[in-house]
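Chain and residue survey
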Amino acid sequence: EFMQEFWDIEEAQSRAIQHLASSVRDENVVSYLPVFTESITSAMKNHIDSLKLQEDGCRSLIEILTKATERGGCVTLDENVTNSLLESVRKHSENEEFVSLVCPVLMMISATEVAAENLREAGLISDLLSMLKSYLHNERICYTSCAVLWSLAVSENNVDEALLKSAVPLTTAVIQEHLQNGAVIETACSALWVLSLQDCVAENDYEPITALLMDAIRMNLQRPMLVKNSCLALASLIRISEIAAFRFLIDPKGSGINLIKDAYRFYRDDPEVVENICMLINEMAQYDDVALDMASQQMEELLSEIK
């Protein structure tokens, strides 16, 4: 009621936003989190020119959405909320600090199908790619933007194919830029997997992307989600390209067969990772020459052990 009565006074809205953020620690307000979210985004919309209020709003939304996640649920956001956030993104996309705050908000809300659909239809993918291009050096922005890209690209409905194809070089650039940051590479590999499933990878990129995914696994072998998604992306590429399969076999940094063996030894007790490794092996075995090479490197012994 206070925020509605003094909607046009920026300082009042800013203090109210900060109060809402601090109050989420109270267990009794959990049911009010959707109302808090709507009030904050409404204030952000009414004071779109105030960078400080936009940043305060994003910090408060992160607190609220994190609290909802900790409670095992999610805050259902309607189209008005997502549109308000998009207005903020487009107004202040040149401010790196703001972008680093709003991207985690977008990541959390895009985890719900309805919000993801609203953001996709409103054209967020184009905004994400622009932000990635501008802030490729920023780990937090890359991490969260790739996670949002995965959520939006995973749908087969109403997605601009040309736009998704333009996301491939930016996603691979993220991997190259942050190859030693496992968290960033994990979300980037997830996005690249979805893009490969959508047949967005150009033929002349099959080989270099195969090599890049192998590097990602080598340098982040201890991250199961990254290994799973990288194996899925590799399987997707190899399914449609024998060139990718041969690059996997004869990569100058080490044979892909040895990489598979290393990954299996590391995750032999993790059935989900092993399943994805098997999917990769299965795609490689479809090519006769590749299958012969696999046999010469004692892959049958590994498969017997997996069984």
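Figured I'd write up the structure that's included with this text. (Residues numbered from 1 in each chain as written. Predicted model: local features only at pLDDT ≥ 70, side-chain atom pairs only at ≥ 80, totals over all residues. Heavy atoms only, no water.)

1. Quick look at the overall build of the chain
Condition: Think of it this way: any DSSP run of H or I at least four residues long counts as a helix, any run of E at least two long counts as a strand, and we number them from the N terminus. Three exposure classes are used, based on accessible area relative to the maximum for each residue type with a 1.4 Å probe and protein chains only: buried under 20%, partly exposed in between, and exposed over 50%. Computed with a 1.4 Å probe, the accessible areas rest on the Shrake-Rupley method; for each residue, only the protein chains presented here act as cover.
The helix and strand inventory of the chain stands at 18 helices and 0 strands. Counting all 307 residues of the chain, 54% fall into the buried class. Carbon and sulfur atoms make up 48% of the accessible area of the chain, which amounts to about 14,400 Å² in all.

2. Quick word on empty space enclosed by the protein
Threshold: Both cavities and pockets are sets of points on a 1 Å grid over the protein atoms alone; in a cavity a 1.4 Å probe fits but cannot get out, in a pocket the set is open with protein on both sides within 12 Å along at least five of seven lines, and lining residues sit with an atom within 4 Å of a point. Grid points are joined across faces, edges and corners, and a volume is the space filled by probe spheres set on the points.
Scanning the model with the defined rule gives 1 cavity of 30 Å³ or more in all. The space that makes up the largest cavity amounts to roughly 40 Å³. Taken together, I217, C231, L234, F248, L259, I260, A263 and L280 make up the lining of the largest cavity. For the lining of the largest cavity, the elements supplying multiple residues, two or more each, are α13 (224-240) and α15 (256-267). For the lining of the largest cavity, the element with the highest residue contribution is α15, accounting for 3 residues.

3. Overview of the pattern of salt bridges
Filter applied, for reference: Throughout this description, the term salt bridge denotes a Lys or Arg side-chain nitrogen within 4 Å of a carboxyl oxygen of Asp or Glu.
Here the structure, examined in full by the defined rule, presents 17 salt bridges. Among the salt bridges present, the one from K45 reaches E87, with a minimum N-O distance of 2.5 Å. Here K45, found in helix α3 (residues 33-46), pairs with E87, found in helix α5 (residues 79-92); they are 42 residues apart in sequence, far enough to count as distant. On the basis of relative accessibility, which here comes to 41%, the residue K45 falls in the partly exposed class. Here the salt bridges share partners, and the residues they tie into one network are E207, D215, R218, R247, D251 and K253.

4. Regarding the nonpolar core
Rule in force here: Working definition of a nonpolar core: buried Ala, Val, Leu, Ile, Met, Phe, Trp, Tyr and Cys residues. They are joined through side-chain atoms within 4.5 Å. It only takes one pair of heavy atoms within 4.5 Å for two residues to be counted as in contact.
Core analysis: the largest hydrophobic core is formed by 99 residues, its most contacted members being I260, L280 and M284. Filtering out sequence-adjacent residues up to four positions away, L280 remains in contact with C231, L234, A235, I238, F248 and I260.

5. Overview of the layout of surface pockets
Defined as follows: Residue polarity is assigned by list, with Asp, Glu, Lys and Arg as charged and Ala, Val, Leu, Ile, Met, Phe, Trp, Tyr, Cys and Pro as nonpolar; anything else, Gly included, falls into the polar class.
Within this model, the second largest pocket holds a volume of roughly 240 Å³. As for the second largest pocket, its lining consists of M107, Y143, A147, W150, A183, E186, T187, S190, W193, R223, M225 and N229. Residue assignment for the lining of the second largest pocket shows that the elements contributing at least two residues are α9 (139-153), α11 (182-197) and α13. Tallied by class, residues from the lining of the second largest pocket come to 7 nonpolar, 3 polar and 2 charged.

6. Quick look at helix α7 (residues 113-121)
Taken residue by residue, α7 has A115, A116, N118, L119 and R120 as its buried positions. Considering only its buried residues, α7 is in contact with α5, α6 (96-109), α8 (124-134) and α9. G123, located one to two residues past α7, shows a positive phi value of around 90 degrees.

7. What to know about the packing of α8 against helix α10 (residues 161-177)
The criterion, for reference: In this analysis, axes come from line fits to C-alpha atoms, helices being fitted only over the stretch in contact, and the angle between any two N-to-C directions falls in the range 0 to 180 degrees. By the definition adopted for this analysis, an angle is roughly parallel if under 35 degrees, roughly antiparallel if over 145, roughly perpendicular if from 65 to 115, and oblique otherwise. Whether a crossing is left-handed or right-handed is set by the direction in which the near helix is turned from the far one by less than a right angle, anticlockwise for left-handed and clockwise for right-handed.
Close contact between α8 and α10 brings their axes to 10 Å; oriented N to C, the two are set at 30 degrees. Regarding the angle of α8 to α10, the classification is roughly parallel. Between α8 and α10 the crossing geometry is left-handed. The residues of α10 that touch α8, namely those facing I125, S126, L129, L132 and K133, are L163, L164, S166, A167, L170 and V174. For the contact of α8 with α10, the residue count by class is 8 nonpolar, 2 polar and 1 charged.

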